[in-house]
Amino acid sequence: ETKQRGEDDLDLPWGSSQNWALRDNIQKYVVDIPQLEDENGSSTYAMWRALTRDVMELAGYNAKDLRKMYVEIKKDENKNGKENAPGVLPLLDDFEFQPNGGVSGKIEGLKGIADGTTVQTSPLVHVQLTVPRGYVLTEDGSSAYELGLPLSEEAYSMDLAKMNINFQNVNADDVAKTLASGVEETGRVATNLVVKM
């Protein structure tokens, strides 16, 4: 029997291989973005589309289905309360970095904008830390986007070289510390602006 509770409305069958694939791989795709707390106070997001792209057993599932199954797995593990799945960032697919310091691409999952619409972000911050983790963060800290596939592998490689991005030495703890210090600095700047006015 491959069906498990909670999956009756999934488009694809869900079995133990999908359960284990999700359990074993999810932490590699989870990031904490302190600037982007949701209504529940959580700043944890997963690169759900990258997970489905990279993990064969999860190919074809959408973020909504994976989040639902994640909650079911966590409920089974903990048996003592409500579990929330990491959030979903809007996806920028066919993306390319822009001269203004931002990135453009086809958007998916951004409220108020039709999927497939080409958008361009404002300038980005900490790209050396965020791009290897699969996302980008705008300089003002108001938006983050999961990165899909680049428009051109050649242009993407040149952009990475220009920005001095090294995929080998990016540590999740370093990313969290840097982003957290950015939140503290933003708070100090805002306080100084209020005091000066």
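Residues numbered from 1 in each chain as written. Predicted model: local features only at pLDDT ≥ 70, side-chain atom pairs only at ≥ 80, totals over all residues. Heavy atoms only, no water.

### Focus: the packing of aromatic side chains
Going by this rule: Classification of ring pairs rests on two measures: the distance between centres of Phe, Tyr or Trp rings, Trp counted by its six-membered ring, which must be within 6.5 Å, and the angle between planes, read as stacked under 30 degrees, edge-to-face over 60 and tilted in between. Runs of H or I in DSSP of at least four residues are treated as helices and runs of E of at least two as strands, each being numbered from the N terminus. Relative accessibility thresholds used throughout: buried, under 20% of the residue-type maximum; exposed, over 50%; partly exposed, between the two (1.4 Å probe, protein chains only). Throughout this description, the term charge over a ring refers to an Arg CZ or Lys NZ atom that lies within 6 Å of the ring centre and within 35 degrees of the ring normal.
Per the stated rule, a full pass over the model turns up five aromatic pairs. Where Trp48 meets Tyr70, the ring centres are 6.4 Å apart and the plane angle is 75°; that geometry is what we call edge-to-face. On the criterion of sequence distance, the pair formed by Trp48 in helix α2 (residues 48-54) and Tyr70 in helix α3 (residues 63-78) is long-range, its members being 22 residues apart. Accessibility expressed as a relative area gives 0% for Trp48, which makes it buried. According to the relative accessible area criterion, Tyr70 is buried, its value standing at 10%. Each ring, one from Phe95 and one from Tyr156, has its centre 5.5 Å from the other, and the planes form 90°; the classification is edge-to-face. Highlighted residues: Phe95 in strand β4 (residues 91-97) and Tyr156 in helix α5 (residues 153-162), separated in sequence by 61 residues. A cation over a ring is seen here: Arg23 above Trp20, with NZ or CZ 4.8 Å from the ring centre.

### So, the sheet that holds strand β8 (residues 135-138)
Where strands meet in a sheet, backbone hydrogen bonds hold them as pairs that are either parallel or antiparallel. Applicable threshold: A strand pair is defined by DSSP finding two or more bridges across the two strands.
Taken together, six strands build an open sheet; the order of strands is β6-β5-β4-β9-β8-β7 and the sheet is mixed. Pairing within the sheet leaves two strands with one partner each, and these edge strands are β6 (118-120) and β7 (124-125). In this sheet, strand β5 (residues 103-108) lies alongside β4 in antiparallel orientation, the contact comprising five bridges. Along β5, the bridge assignment pairs Phe97 with Val103.

### Some details on the pairing of β8
Residues Tyr135 and Leu137 line one face of β8 and the alternating positions Val136 and Thr138 line the opposite face, and both faces are buried. Where β7 and β8 come together, two bridges link them in antiparallel fashion. Paired with Val125 across the strands is Leu137, a residue of β8. By the bridge criterion, three bridges tie β8 to strand β9 (residues 144-147) in an arrangement that is antiparallel. Counted as the bridge partner of Tyr135 is Glu146 from β9.

### A short note on the nonpolar core
We count it as follows: The set of buried Ala, Val, Leu, Ile, Met, Phe, Trp, Tyr and Cys residues whose side-chain atoms join them within 4.5 Å is what this entry labels a nonpolar core.
By size, the foremost hydrophobic cluster in this structure holds 29 residues, and its most contacted members are Leu22, Ile26, Ile33, Trp48, Leu51, Leu58 and Leu89. Mapped onto this core, the elements with two or more residues apiece are α1 (16-25), β1 (30-32), β2 (44-46), α2, α3 and β8. Ranked by the residues each element gives to this core, the list is headed by α3, at six residues. The next biggest cluster of nonpolar side chains, apart from the first, holds 16 residues, and it includes Ile107, Val131, Leu147 and Leu160.

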